Amino acid sequence: MQTNGAGLLVKLLERQGITTIPGIPGGASLPLYDALHGSAIHHVLARHEQGAGFIAQGMARSTGTAAVCLGTSGPGATNLLTAIADAKLDSIPLVAITGQVPRAMIGTDAFQEIDTYGLTIPITKHNYLVSSARELLRVVPEAFRIAMSDRPGPVVIDVPKDVQLEPITLEEWPEPGRATAAMPCPTADARRAAALLEAARRPVLLVGAGVLAAGASDLVRELAEAGSIPVAATLLGLGVMPAHHPLFLGMVGMHAARATNLILEECDLLVGLGIRFDDRATGKAAEFCPGARIIHVDVDASELGKIKTPTLGIRADVGEALRAFLGDVTPRRRPTWSARVAALRAAHPLAMPGLNDTRRPYGIVRAVAALAGDDAIVTSDVGQHQMWVAQAFPFTRPRQWLTSGGLGTMGFGLPAAIGAALACPDRRVVCFTGDGSLLMNIQELATAIEEEVRITVILLDNAHLGLVRQQQELFYGGRFHGSRFHAAPDFAAIARGFGMEACDLETAGDPAAALARAFASEGPCLVRVPIAPAENVYPMVRPGAANREMIDHNLPHNAATEEECDAADAM
Ligand SMILES: Cc1ncc(C[n+]2csc(CCOP(=O)(O)OP(=O)(O)O)c2C)c(N)n1
Ligand SMILES: [Mg+2]
């Protein structure tokens, strides 16, 4: 076969099973677009490369397989950086392909030249600057293998324009890149884990994104049920256990129910599965699960002992480890611990004021959950609204909840929803966003219209950067600065301006009926929900404090110390 580098790249992507690629073209990627012209791959024209990156992430997060995004050199590549970094922190298999100036011009400050390779070293799992068309035969399958194997992550392939144009004759195709086999669990480790579980009187499982990556949700449930072990989740682990399961405790950490954090405080064995002991989950790490032995299972050896020294660190695929544990543990009841857990949950449940009011945070989340149904995929942006959804949405399935956890990127929600809808056209997709976050990638409303995706955007509009306002109220003596929006955009009118259906629950005579109408809409639809600026997310652990020191609705808050203000600054 006779082709050029660009034609070869597109063929290799087709052979990887790629059917949809979001991106924006430019001079340095035009040969690639020329090759796409003759391909069955559907190109989604994003309106900002960050949008393209998050559309691809929505595809990858909802399906578990690698997705691709495209950007040109220079600003195209720099606009992709946030989405790539976000994929790195949340271990998402993303393959970002960028155009680069011709090799002969690299290093000359050519038009739209930027060192994409150098810029992406710290935010990728691996990256390439391709130096010949033939090299693509190795690089592309390898990039997909790396992106999807073990702990998934982003890979960048930077392709100079002359490499895209270089003629090449092909005799045979390489095998597409696939994830390597799941890393097994050493038998001795499994036996020791089973013995620790056997000896534990108050065990808890803590599940994170690694369980989703391993496709091991059912095994978590099996182990929990076999050993009568309660299960808590990190923000990204929501959906591993169905919200209504009697053993499920909900999210742990900064905005957990008080009971959940107290149960972890009292446990004598913590089994961390695919988690990385993030500070938003652990609070002050030294005081997290103070009396517990720890079994930590992760496929990435660098996570073991990074934050907490485990009693037993196991480098293995979480699914393999759980299967091995299940072979070694004897099913048993733990009546004393179960009773204690039940008592703590009864004494310290999550307070959800306004549950029946669609214009209050928990009320709108639950009303949307009822309309969206169990099958829906839910994305969010970053802020108070994200935490209200994490606390109150009854997630029932893995990969149902797509949120930017590690990087906490405002602007994630809308493009991620578009990506999820493109990858899962039969599923309803809901995006919870905030008035600050939506504005960060609002241009993607045009992409949603163009692609006719059925997404419902629920905008919680509190006229503030709410989570910042909340920290200023609680920890900075109410000295609000830079957290209030004085201009009040008419978001429903803006959405309509993009060609979208929209409604505003502030002016709707019957908000519940208006919401139901929005969900009956066939195309993308935006619902603006007015939220009182004073609504805060509770409970809350001060940044840097131990999880047991939660601030509740009714408790007076002490003025913050300087040290606490510094810690909060890290937000
Ligand atoms: C890109 C980016 N910039 C800044 C922040 C810091 N930050 C975290 S939450 C937040 C406020 C978000 O406001 P909004 O989207 O309106 O959500 P709300 O908290 O009001 O629900 C900010 C500014 C961030 N997470 N991401
Ligand atoms: Mg807001």
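Please refer to the structure placed before this passage.
Being a predicted model, the structure only gives us computed values, none of them experimental. (Residues numbered from 1 in each chain as written. Chains lettered and ligands numbered in written order. Predicted model: local features only at pLDDT ≥ 70, side-chain atom pairs only at ≥ 80, totals over all residues. Heavy atoms only, no water.)

**Q** Please provide a residue-by-residue account of the overall build of the chain, values included.
**A** Tallying secondary structure elements over the chain gives 23 helices and 22 strands in all. Seen through its C-alpha atoms, the chain measures out along the principal axes to roughly 70 × 65 × 45 Å. Relative to its 571 residues, the chain shows a buried fraction of 58%. Carbon together with sulfur atoms contributes 53% to the accessible area of the chain, which is approximately 21,700 Å² in total. Taking the average location of the 48 positive side-chain charges in the chain and that of its 60 negative ones, the two points are 7 Å from each other. (Helix = DSSP H or I, 4+ residues; strand = E, 2+ residues; numbered from the N terminus. Buried < 20%, exposed > 50% of the residue type's maximum accessible area, 1.4 Å probe, protein only. Areas by Shrake-Rupley, 256 points an atom, 1.4 Å probe, with all protein chains shown as cover. Lys, Arg positive; Asp, Glu negative; His and termini not counted. Charge placed at Lys NZ, Arg CZ, Asp CG, Glu CD.)

**Q** A description of the coordination of the magnesium ion (ligand 2) should follow, citing residues and the corresponding values.
**A** For the magnesium ion (ligand 2), every protein donor is listed as Asp435 (OD), Asn462 (OD1) and His464 (O), and the spread of their distances is 2.0 to 2.2 Å. Counting along the primary sequence, the residues that act as donors to the magnesium ion (ligand 2) give the motif D-x26-N-x1-H. (Donors = N, O, S within 2.8 Å, 3.2 Å for Na, K, Ca; no water.)

**Q** Give a detailed account of the packing of aromatic side chains, specifying residues and quantitative values.
**A** Taken as a whole, this structure holds 5 aromatic pairs when the rule is applied. Look at Phe277 and Phe288: their rings are 6.2 Å apart centre to centre, the planes differ by 80°, and that puts the pair in the edge-to-face class. Separated by 11 residues along the polypeptide, Phe277 in the loop between β12 (269-273) and α12 (279-282) and Phe288 in the loop between α12 and β13 (293-298) bring together distant segments of the chain. The buried category is assigned to Phe277, whose relative accessible area is 4%. (Phe/Tyr/Trp six-rings, centres within 6.5 Å; stacked < 30°, edge-to-face > 60°.)

**Q** Explain the site of ligand 1 residue by residue, including any values.
**A** Not every one of the 17 residues close to ligand 1 is listed here, only the nearest: Gln384, Gly408, Gly436, Ser437 and Gly466. One nitrogen or oxygen atom from the main chain of Gly408 is found 2.8 Å from a nitrogen atom belonging to ligand 1. Within the side chain of Asp435, a nitrogen or oxygen atom sits 2.8 Å from an oxygen atom of ligand 1. Across the complex, the protein chains shield 81% of the 580 Å² of accessible surface that ligand 1 would expose by itself. (Near = heavy atom within 4 Å. Polar contact = N/O pair within 3.5 Å; in protein donor to acceptor, adjacent residues only side chain to side chain.)

**Q** Give me the pairing of strand β2 (residues 20-23): which residues, what numbers.
**A** The two faces of β2 match: Thr20 and Pro22 on one face and Ile21 and Gly23 on the other face are all buried. Taken together, the 4 bridges between β2 and strand β3 (residues 42-45) define a ladder with parallel strand orientation. Each bridged residue has a counterpart across the sheet, and for Pro22 the counterpart in β3 is Val44. Each parallel crossover has a hand, and for β2 linked through helix α2 (residues 30-37) to β3 it is right-handed. (Pairing = 2+ DSSP bridges. Right-handed = clockwise from strand over helix to strand, strands pointing away.)

**Q** Can you explain the sheet that holds strand β9 (residues 203-207)? Please cite residues and give values.
**A** Sheet strands line up and pair through hydrogen bonds in the backbone, either parallel or antiparallel. With respect to topology, 6 strands assemble into an open sheet ordered β11-β10-β9-β12-β13-β14, the strand pairing being parallel. This sheet does not close on itself; its edge strands, each paired only once, are β11 (248-251) and β14 (312-315). Averaged over all adjacent pairs, the angle separating strand axes in this sheet is 15°, with direction ignored. Inspection of the sheet shows β9 paired to strand β10 (residues 231-233) by 3 bridges, in the parallel sense. Bridge pairing in β10 links Leu206 to Ala232. (Axes fitted to C-alpha atoms, helices over the stretch in contact; angles between N-to-C directions.)

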